[in-house]
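Geometric and topological summary
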Amino acid sequence: MVSIGLLFDQIITGLSIGAQLFLVAVGLSLIFGVLEVLNFTHGVLYMIGAYTGVTIVESAYGGFWVGVVAAAVVVGLLGIVIEAGLIRRIYHREELDQLLLTFALVLILTDLTRTVFGSGAYVIDPPALFSGTIQLAESLSITSYRAFIVAVSVAVLGGLYFVLRTTNVGRLVRATSSDRDMALLLGIDVPKLYTGVFFVGSALAGIGGALAAPLGAVTPSMGNQVIINAFVVVVIGGLGSFSGAFVGAYAIGLLIALGSMVVSGAGQLFPFLAMIAVLVFKPEGLFNPEEGVPEMTTVLETEDLRREFGALWPSTTSPSRSTTRRSPASSGRTVPGRRRSTTCCRGR
C-alpha cells in the first residue's frame, strides 16, 4: 500500500521534472514554430547552461543568480553563432540535412564540454533564499526550490503569450511565421528576426539547465535524456504549441515520477507509451491550433497582413511603391526557409 506522503512526494517530483522539461521544450517549440527547424542541439545548450551556472557558482565572480543570468547570455550567444553561422545556410534544404547538422553539433559540443570539464559530475546547492521547505499539511511539504521552478515555468509561459499577443515584436514574429515572403515585402528583417528567435529559444534552454543544476548531477551527458524527453513533449503537445508544451511537459514529468512507483525502475517507459498513443490516435498532438488554440501562426490573408502591419512601414506599403516592388526572388533577396502560401498555413 502506497502511503499518501510518498505519493505526494512523487507528484511534487513529477511537477518539478515537468517544469524543467517545459523550459527546454518551449524553446524547442518556439524555434520550430518560427524557423521550422528541429534543433537537436537544444539538449546540449541545456547542458552548457548547467555548466555555466556551476562555473559561476564555484568561482569568485558571483552566486547562483549571476550564474542563471550568465547561462542565459552565454547559451543565447552560442545560439546566435549556431543559427547565423550554420543553420541559416541550410534553411532551404530538406529536414534531413538540418537534423544531420544539429546532431553533428551535439557530438562536437558534448566532446568539447567533456574535454574542458571532464566526465565527472558537479553538484551545487540551491540558493539560500529557497533552501527551506513549504509546509502544506502536517505530513505534506514541498521544497521551496521545487516550488520556485514550477513558478518559473508558469511565468515563462505567461510571458511568451504576453509578448506574442500584445507587443509589436510578437506581431512581427507571428507575421513572419505565417507568411515569410509577405513579411519581407512589408519591411521585416527576416534573417535578423530568426536570429533573435533562436537567441531567445537558446537562452531559455540555458536558464533551464542552470536552474536544474541544484536538482541533480551536472554531467556532459545530461542533455541527451533531456532532449529525448523534450521531443516526446512536443510530439504529445503538438509541434509549435506553447500550451501543448506546458501540458505535455507536466504530463511527462508525472508519468516519469509516478511510473516508477508502478513498475520499479521503468519510469521512462510510460512517456514513450503515451507518445505512441498520441501518434496513433492524434498524430498532430493534443493541442492543435487548427482546432481552436492559435498560438504562433494564424491564417492571415495578404490584406490582413497589410492592415495589421502597414502602419509600421508606411513607406513600403504605399500604393505608389506596392505596384513596383519586386518579389524576393526577382530582387535577389533571400528568404530563409521554404515559401508558405498566403492563404493557408499550418497551425501551431
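Since the structure is predicted, the reported quantities are computational estimates derived from the model, not experimental observations.

Here is what the cut-offs are and how they apply
- Residues numbered from 1 in each chain as written.
- Predicted model: local features only at pLDDT ≥ 70, side-chain atom pairs only at ≥ 80, totals over all residues.
- Heavy atoms only, no water.
- Helix = DSSP H or I, 4+ residues; strand = E, 2+ residues; numbered from the N terminus.
- Buried < 20%, exposed > 50% of the residue type's maximum accessible area, 1.4 Å probe, protein only.
- Areas by Shrake-Rupley, 256 points an atom, 1.4 Å probe, with all protein chains shown as cover.
- Polar contact = N/O pair within 3.5 Å; in protein donor to acceptor, adjacent residues only side chain to side chain.
- Expected span 1.5 Å × (residues − 1).
- Bend = angle between axes of the 7 residues up to and from the residue.
- Contact = heavy atoms within 4.5 Å.
- Salt bridge = Lys/Arg side-chain N within 4 Å of Asp/Glu carboxyl O.
- Phe/Tyr/Trp six-rings, centres within 6.5 Å; stacked < 30°, edge-to-face > 60°.
- Core = buried A, V, L, I, M, F, W, Y, C linked by side-chain atoms within 4.5 Å.
- Axes fitted to C-alpha atoms, helices over the stretch in contact; angles between N-to-C directions.
- Parallel < 35°, antiparallel > 145°, perpendicular 65-115°, else oblique.
- Left-handed = near helix turned anticlockwise from the far one by under 90°.
- Nonpolar A, V, L, I, M, F, W, Y, C, P; charged D, E, K, R; others polar.
- Patch = residues over 30% accessible without salt bridge, like charges linked within 9 Å, V, L, I, M, F, W, Y side chains within 5 Å.
- pLDDT = per-residue confidence, 0-100.

Quick notes on the overall build of the chain
- Each helix and strand counted, the chain has 15 helices and 2 strands in total.
- When burial is assessed residue by residue, the chain has 49% of its 348 residues classed as buried.
- If you sum the accessible surface of the chain, you get close to 15700 Å²; carbon and sulfur atoms cover 67% of it.

Considerations on the environment of Lys282
- Mapped onto the secondary structure, Lys282 falls in the loop between α11 (269-281) and α12 (302-309).
- Once the C-alpha coordinates of Lys282 and Gly238 are considered, the two residues, 44 residues apart in sequence, prove to be 9.6 Å apart.
- Polar contacts involving the side chain of Lys282 include one to the main-chain carbonyl oxygen of Gly285, which spans 2.9 Å.

Some remarks on helix α1 (residues 4-35)
- With 32 residues, α1 should cover 46 Å at 1.5 Å per step; its first-to-last C-alpha distance of 45 Å lies within 8% of that length.
- When the local axis directions of α1 are compared, the greatest deviation, roughly 25°, occurs at Phe22.
- Across the 32 residues that make up α1, a large majority, 23, are buried.

A closer look at helix α5 (residues 144-166)
- A rise of 1.5 Å per residue sets the reference length of α5, with its 23 residues, at 33 Å; its end C-alpha atoms lie 32 Å apart and thus fit the reference within 8%.
- The complete set of buried residues in α5 reads Ser144, Tyr145, Phe148, Ile149, Val152, Ser153, Val156, Leu157, Leu160 and Leu164.

Regarding the side chain of Gln10
- Among the structural elements, Gln10 can be located in helix α1.
- Overall, the relative accessible area of 17% leaves Gln10 in the buried class.
- In this structure the side chain of Gln10 is engaged in a polar contact, spanning 2.7 Å, whose partner is the backbone oxygen of Ala257.
- In this structure, Gln10 is in contact with Ala257, Leu258, Ser260 and Met261, ignoring residues within four places of it in sequence.

Quick look at the pattern of salt bridges
- Enumeration over the complete set of coordinates arrives at 4 salt bridges.
- Among the salt bridges present, the one from Lys192 reaches Asp189, with a minimum N-O distance of 3.9 Å.
- Overall, the relative accessible area of 59% leaves Lys192 in the exposed class.
- One salt bridge connects Glu284 with Lys282, and the closest N-O pair in it is separated by 3.2 Å.
- Glu284 gets classed as partly exposed once you look at its relative accessible area, which sits at 33%.

Looking at the packing of aromatic side chains
- Under the definition given, this model contains 14 aromatic pairs.
- Relative to Tyr250, the ring of Phe246 lies with its centre 4.8 Å away and its plane at 55°, an arrangement referred to as tilted. One end of the pair, Phe246, and the other, Tyr250, are both in helix α10 (residues 242-262), 4 residues apart, so they sit about a helical turn from each other.
- Through pairs of rings, three or more aromatic residues link up here, namely Phe64, Trp65, Phe130, Tyr145 and Phe148.

Description of the nonpolar core
- If you look at the biggest cluster of nonpolar residues, it comprises 76 residues, and the most contacted ones within it are Phe22, Leu35, Val156 and Leu211.
- When residues of this core are assigned to their parent elements, the largest contribution, 12 residues, is made by α1.
- Setting aside anything within four residues of it in sequence, one finds Phe22 in contact with Ser153, Val156, Leu157, Phe242, Ala245, Phe246 and Ala249.

Looking at the packing of helix α9 (residues 222-237) against α10
- It is at 8 Å that the axes of α9 and α10 come closest, and there the two elements cross at 125°. Taken as axis vectors, α9 and α10 run oblique relative to one another. Regarding α9 and α10, the two cross each other, and that crossing is right-handed. Every residue of α10 that contacts α9 at Asn229, Val232, Val233, Ile236 and Gly237 is listed here: Gly244, Ala245, Gly248, Ala249, Ile252 and Ile256.
- Looking at the contact of α9 with α10 residue by residue, the classes come out as 7 nonpolar, 4 polar and no charged.

Considerations on a nonpolar patch on the surface
- Taken together, the side chains of Leu269, Leu273, Ile276, Val280 and Phe281 present a nonpolar region at the surface, about 540 Å² in accessible area.
- Assignment of secondary structure puts Leu269 in helix α11.
- The exposure class of Leu269 is partly exposed, given its relative accessible area of 44%.

Looking at the confidence of the model for the chain
- When pLDDT is averaged along the chain, the result is 78; 80% of the residues meet or exceed 70.
- Long-range and interchain partners of residues 310-335, a stretch whose pLDDT sits below 50, account for 29 contacts in this model, where long-range means more than four residues apart.

Quick look at the packing of α5 against helix α8 (residues 190-212)
- It is at 12 Å that the axes of α5 and α8 come closest, and there the two elements cross at 170°. As judged from the angle between their axes, α5 and α8 are roughly antiparallel. Contacts from Tyr145, Phe148, Ile149, Val152, Val156 and Leu160 in α5 reach Leu204, Ala210 and Leu211 in α8.
- Partitioning the contact of α5 with α8 into residue classes produces 9 nonpolar, no polar and no charged.

Considering the environment of Val233
- Relative to the helices and strands, Val233 is located in helix α9.
- By relative accessible area, Val233 is classed as buried at 0%.
- Along the backbone, Val233 and Gly253 are 20 residues apart, and their C-alpha atoms lie at a distance of 9.7 Å.
- In contact with Val233, not counting residues within four places along its chain, are Leu21, Ala25, Gly244, Ala245, Gly248, Ala249 and Ile252.

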